[in-house]
Amino acid sequence: MSDNEMLHGGDDDLSLPRATVQKIIQEMLPNEMICAKDTVTLIIDCCVEFIHLISSQANDICEKESRKTIAPEHILAALKELGFDSYVQEVESVLKEHKVQQKEREKKSNKLNKSEFTEEELLRQQEALFAASRARFQGRTQ
Amino acid sequence: MSTAPQLPPQLEAWLREFWQRQMDQAENMREDGLKETTLPLARIKKVMKMDPDVKMISSDAPLLLSKACEIFISEVTSRAWMLAELNKRRTLQRVDVAGAVGQSDQFDFLIDIVPPEYGYSKHKAKREVNPLFPYFRQ
């Protein structure tokens with residue numbers, strides 16, 4: 001919580017970062033077009049309401065399935081039910097990308113675990129490399 | 001010029017692969033970083049939790065909702081822009097957003113959020129109250 005949020009009772013004033021929303025707005029507009037400041041505020045308010053709408057619907061869907069955690073598929077189902085079908089494809093692709101990145105991360109950590117050398121050996125090799133590097137450096141400066 | 005010390009071949013191969021992966025990652029990040037402006041996931045999660053009925057949220061749900069919000073903002077902006085153009089203005093005003101919202105049923109939930117502008121409120125009078133839309137403002 002920022003100082004500002006603490007002073008003004010935090011959650012009641014919770015909204016989205018203005019600069020980020022303004023960037024998203026500007027990305028859709030041609031250069032000569034600008035968005036008035038109070039219009040950005042209005043769009044932020046609309047977006048917050050959008051989050052409430054989708055979350056509430058997703059929560060209902062989740063509860064109907066007797067599940068306790070709102071999952072990605074609940075968000076997707078909520079979007080469909082509330083008339084935001086056109087968003088589904090793009091939103092789904094974000095999920096797919098995320099899963100691919102997660103798999104890549106897992107593969108990388110497995111790779112380290114499967115290395116032929118134990119951690120001590122790797123550390124010794126690293127120290128050997130540093131020592132060789134130091135020797136070269138000292139050799140050049142002398 | 002000094003020559004590099006001889007590395008055991010396995011380590012050499014491992015290092016080569018490691019740096020290749022680092023470079024791949026850097027390339028991907030550069031693409032993502034420049035293309036997309038994203039909303040902070042922690043903040044989205046906080047907004048979701050304002051609803052007392054919402055309890056647990058999976059770690060990737062806010063990610064999806066963040067993307068949905070971007071699309072939503074883009075859509076409202078595009079529609080508002082068209083209205084501003086029609087009125088030969090270079091600045092997006094609240095009335096443009098109100099008009100944009102009035103164009104489609106899917107934006108009915110914003111009835112109380114946008115100012116009652118001419119055109120939108122006329123449209124509003126024809127609508128039935130939809131029981132699907134809960135309100136959090138008391």
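It should be noted that the structure appears before, not after, this text.
Please read these numbers as outputs of a predicted model, since none were measured by experiment. (Residues numbered from 1 in each chain as written. Chains lettered and ligands numbered in written order. Predicted model: local features only at pLDDT ≥ 70, side-chain atom pairs only at ≥ 80, totals over all residues. Heavy atoms only, no water.)

Caption draft 1: Examining helix α2 (residues 41–48) of chain B more closely. Every buried residue of α2 of chain B is accounted for by Ile-44, Val-47 and Met-48 of chain B. The buried residues of α2 of chain B occupy one face: seen down the axis, they fall within an arc of 100°. On the buried face of α2 of chain B, the contacting elements are α3 (37–64) and α4 (72–81) of chain A together with β1 (56–57) and α3 (61–86) of chain B. (Buried < 20%, exposed > 50% of the residue type's maximum accessible area, 1.4 Å probe, protein only. Helix = DSSP H or I, 4+ residues; strand = E, 2+ residues; numbered from the N terminus. Arc of directions from axis to C-beta. Contact = heavy atoms within 4.5 Å.)

Caption draft 2: Representation of the packing of α3 of chain A against α2 of chain B within the structure. The geometry of α3 of chain A relative to α2 of chain B is characterised by a closest axis approach of 9 Å and an angle of 65° between their N-to-C directions. As for how α3 of chain A packs across α2 of chain B, the hand of that crossing is right-handed. Note on element contacts: α2 of chain B touches α3 of chain A through Ile-44, Val-47 and Met-48 of chain B, opposite Val-48, Ile-51, His-52 and Ser-55 of chain A. (Axes fitted to C-alpha atoms, helices over the stretch in contact; angles between N-to-C directions. Left-handed = near helix turned anticlockwise from the far one by under 90°.)

Caption draft 3: Inspection of the interface of chain B and chain A at higher detail. Taken together, the 69 residues of chain B in the interface contact 68 residues of chain A. Of the roughly 6,500 Å² buried between chain B and chain A, counting both surfaces, carbon and sulfur atoms make up 72%. Summed over the shared surface of chain B and chain A, the result is one salt bridge. A salt bridge links Lys-67 of chain B to Glu-90 of chain A; the shortest N-O distance between them is 3.6 Å. Along the contact surface separating chain B from chain A lie twelve residue pairs in polar contact (both at pLDDT 80 or more). Secondary structure elements with two or more residues in the side of chain B that touches chain A: α1 (9–35), α2, β1, α3, β2 (91–92) and α4 (94–102) of chain B. Here the side of chain B that touches chain A is composed, by residue class, of 38 nonpolar, 13 polar and 18 charged. (Buried area = accessible area lost by both parts, 1.4 Å probe. Salt bridge = Lys/Arg side-chain N within 4 Å of Asp/Glu carboxyl O. Polar contact = N/O pair within 3.5 Å; in protein donor to acceptor, adjacent residues only side chain to side chain. Nonpolar A, V, L, I, M, F, W, Y, C, P; charged D, E, K, R; others polar.)

Caption draft 4: Here's a closer look at helix α2 (residues 18–28) of chain A. Every buried residue of α2 of chain A is listed here: Thr-20, Val-21, Ile-24 and Ile-25 of chain A. The buried residues of α2 of chain A occupy one face: seen down the axis, they fall within an arc of 135°. Away from its buried face by more than 90 degrees, α2 of chain A exposes Ala-19 and Lys-23 of chain A. In this structure, the buried residues of α2 of chain A make contact with β1 (34–35) and α3 of chain A together with α3 of chain B.

Caption draft 5: The nonpolar core, seen in detail. Counting 60 residues, the largest nonpolar core has Phe-50, Ile-75, Leu-79 and Phe-84 of chain A together with Phe-72 of chain B as the members making the most contacts within it. Sorting the residues of this core by element identifies α2, α3, α4 and α5 (85–114) of chain A together with α2, α3 and α4 of chain B as the ones contributing at least two each. The element contributing the most residues to this core is α3 of chain A, with 14 residues. Once you skip the residues sitting within four places of it in the chain, Ile-75 of chain A turns out to touch Ile-54, Ala-58 and Ile-70 of chain A together with Met-48, Ala-61, Leu-64 and Leu-65 of chain B. (Core = buried A, V, L, I, M, F, W, Y, C linked by side-chain atoms within 4.5 Å.)

Caption draft 6: Seen up close, the packing of aromatic side chains. The final tally for this structure, using the stated rule, is nine aromatic pairs over all chains. Arranged with centres 4.6 Å apart and planes meeting at 10°, the rings of Phe-50 of chain A and Phe-72 of chain B form a pair that is stacked. Here the residue Phe-50 of chain A occupies a position in helix α3, and Phe-72 of chain B occupies one in helix α3, the pair thus bridging two chains. Take Phe-50 of chain A and Phe-72 of chain B: they sit in the same class, and that class is buried. Both rings, one in Phe-72 of chain B and one in Phe-109 of chain B, keep their centres 6.2 Å apart while their planes meet at 45°; by these two values the pair is tilted. With Phe-72 of chain B in helix α3 and Phe-109 of chain B in the loop between α4 and α5 (120–125), this residue pair connects regions lying 37 residues apart in the sequence. Exposure remark for Phe-72 of chain B: the relative accessible area of 1% places this residue in the buried category. Among the aromatic side chains, those forming a connected cluster through ring pairs are Phe-50, Phe-84 and Tyr-87 of chain A together with Phe-72, Phe-107 and Phe-109 of chain B. (Phe/Tyr/Trp six-rings, centres within 6.5 Å; stacked < 30°, edge-to-face > 60°.)

Caption draft 7: The pattern of salt bridges, seen in detail. Scanning the model with the defined rule gives eight salt bridges over all chains in all. Notably, a salt bridge pairs Glu-65 of chain A with Arg-67 of chain A, separated by 3.1 Å at the nearest N-O pair. Under the relative-accessibility criterion, Glu-65 of chain A is labelled partly exposed at 41%. Exposure remark for Arg-67 of chain A: the relative accessible area of 35% places this residue in the partly exposed category. As a salt-bridge pair, Arg-79 of chain B and Glu-75 of chain B come within 3.1 Å of each other at their nearest N and O atoms. Here Arg-79 of chain B and its partner Glu-75 of chain B are both found in helix α3, four residues apart, which amounts to about one turn of the helix. Its relative accessible area of 18% is what places Glu-75 of chain B among the buried residues. Counted as one network, the salt bridges with shared partners bring together Glu-65, Arg-67 and Glu-73 of chain A.

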